[in-house]
Amino acid sequence: IYTLNNQAAKYYHYVLTKLPAGKPALTYLKKRGISDKVIESFQLGFAPNSRRGLTEYLTKKKGVTKEDLWESGLTTMLGNDTVDFFRSRIMFPLVDHRDNIVGFSGRTTDTTGVIKAKYINTRETLVYHKGEMFYGLHITKEAIRKSNQVILLEGEFDLLSCFQNGVGNVVGVKGTAL
């Protein structure tokens, strides 16, 4: 699962930073004041509005099985079809204290209200347990250790903004699961 999540994070990051499909999301991040350095440091990405973009990439280019994709939480079933779980969302890799990508949080950039859930997270898997996750801890743990205190924030953008502005002893909680 860690390997699949790492490959997915690279795919999402590539879409965000290199492909036309990611341009609107990249523009959105820039409007929110997120720098290129923070985008790189936190491996932000974008899941394109494609039913099978990630699925096709991982099965055809990396030889991953559909069963493994399901076990990782990267796909879901739509009837008899395996489809990408995340679509048309800015992707935030969720990294544990050992630097393993355990899952993702995806935020919509839709402002029309068509997409109801602003954030969705990887479903519970063998390695991802929402109630045990703090966003950004893998990067901020040294600042937390040095200051001997931590500031709990609501979510990903709060953390990115603080971190970018020099406040490093922060973590984002994963909603009400804490």
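Residues numbered from 1 in each chain as written. Predicted model: local features only at pLDDT ≥ 70, side-chain atom pairs only at ≥ 80, totals over all residues. Heavy atoms only, no water.

**Observations concerning the overall build of the protein**
Line of reasoning, step 1. Broken down by element type, the protein carries 7 helices and 9 strands.
Line of reasoning, step 2. For the protein, the C-alpha atoms occupy an extent of roughly 50 × 35 × 30 Å along the three principal directions.
Line of reasoning, step 3. Out of the 178 residues in the protein, the part that is buried amounts to 43%.
Line of reasoning, step 4. Within the protein, contacts between residues separated by at least 24 positions form 61% of all contacts whose residues are at least 6 apart in sequence.
Line of reasoning, step 5. As displayed, the protein has an accessible area near 9400 Å², and 52% of this comes from carbon and sulfur atoms.
Line of reasoning, step 6. In the protein, which carries 25 positive and 17 negative side-chain charges, the distance between the mean positions of the two groups comes to 6 Å. (Helix = DSSP H or I, 4+ residues; strand = E, 2+ residues; numbered from the N terminus. Buried < 20%, exposed > 50% of the residue type's maximum accessible area, 1.4 Å probe, protein only. Contact = heavy atoms within 4.5 Å. Areas by Shrake-Rupley, 256 points an atom, 1.4 Å probe, with all protein chains shown as cover. Lys, Arg positive; Asp, Glu negative; His and termini not counted. Charge placed at Lys NZ, Arg CZ, Asp CG, Glu CD.)

**Topic: the pairing of strand 5 (residues 101-108)**
Line of reasoning, step 1. Burial within strand 5 is extensive, with 8 of its 8 residues counted as buried.
Line of reasoning, step 2. Note that strand 4 (residues 89-95) and strand 5 share 7 bridges and pair antiparallel. In the strand pairing of strand 5, leucine 94 is matched with glycine 103.
Line of reasoning, step 3. Hairpin connection of strand 4 to strand 5: 5 residues between the antiparallel strands, including aspartate 99 at a positive phi of 70°.
Line of reasoning, step 4. Here strand 5 runs beside strand 6 (residues 119-121); their pairing, made up of 3 bridges, is antiparallel. Looking across to strand 6, one finds that arginine 107 is bridged to tyrosine 119. (Pairing = 2+ DSSP bridges.)

**Quick notes on the pattern of salt bridges**
Line of reasoning, step 1. Applying the stated criterion across every chain yields a total of 6 salt bridges.
Line of reasoning, step 2. Close ionic contact of glutamate 56 with arginine 52 constitutes a salt bridge, the shortest N to O distance being 2.8 Å.
Line of reasoning, step 3. With its nearest N and O atoms 2.7 Å apart, the salt bridge here joins glutamate 56 to lysine 60. Taken as a pair, glutamate 56 and lysine 60 lie in helix 4 (residues 53-61) at a separation of 4 residues, close to a single helical turn.
Line of reasoning, step 4. Taking relative accessible area as the criterion, glutamate 56 reaches 24% and is therefore assigned partly exposed.
Line of reasoning, step 5. Given the relative accessible area of 64%, lysine 60 is considered exposed. (Salt bridge = Lys/Arg side-chain N within 4 Å of Asp/Glu carboxyl O.)

**Comments concerning unusual backbone geometry**
The phi angle of most residues is negative, glycine excepted, and most peptide bonds adopt the trans form.
Line of reasoning, step 1. For aspartate 99, which is not a glycine, the phi torsion comes out positive at approximately 70°.
Line of reasoning, step 2. You can see aspartate 99 is positioned in the loop between strand 4 and strand 5.
Line of reasoning, step 3. Despite not being glycine, asparagine 148 shows a phi value in the positive range, around 60°.
Line of reasoning, step 4. Position of asparagine 148 among the secondary structure elements: in the loop between helix 6 (137-147) and strand 8 (151-153).
Line of reasoning, step 5. A relative accessible area of 70% places asparagine 148 in the exposed class.

**A closer look at the nonpolar core**
Line of reasoning, step 1. Core analysis: the largest hydrophobic core is formed by 39 residues, its most contacted members being Tyr12, Leu44, Leu74, Phe104 and Leu160.
Line of reasoning, step 2. Where this core is concerned, the elements lending two or more residues are helix 1 (2-18), helix 2 (23-31), helix 3 (36-41), strand 1 (45-47), helix 4, strand 4, strand 5 and helix 7 (156-164).
Line of reasoning, step 3. Those residues in contact with leucine 74 that lie beyond four places of it in its chain are Leu4, Asn5, Ala8, Tyr12, Leu54, Leu58, Leu69, Val83, Asp84, Phe85 and Phe104. (Core = buried A, V, L, I, M, F, W, Y, C linked by side-chain atoms within 4.5 Å.)

**Examining the side chain of serine 105**
Line of reasoning, step 1. Note on placement: serine 105 falls in strand 5.
Line of reasoning, step 2. Overall, serine 105 belongs to the buried group, its relative accessible area being 0%.
Line of reasoning, step 3. One polar contact links serine 105 to glutamate 156, side chain to side chain, over a distance of 3.1 Å.
Line of reasoning, step 4. Ignoring anything within four residues of it in the chain, the contact list for serine 105 reads Phe86, Ile90, Met91, Phe92, Leu94, Tyr119, Ile120, Asn121, Glu156 and Lys174. (Polar contact = N/O pair within 3.5 Å; in protein donor to acceptor, adjacent residues only side chain to side chain.)

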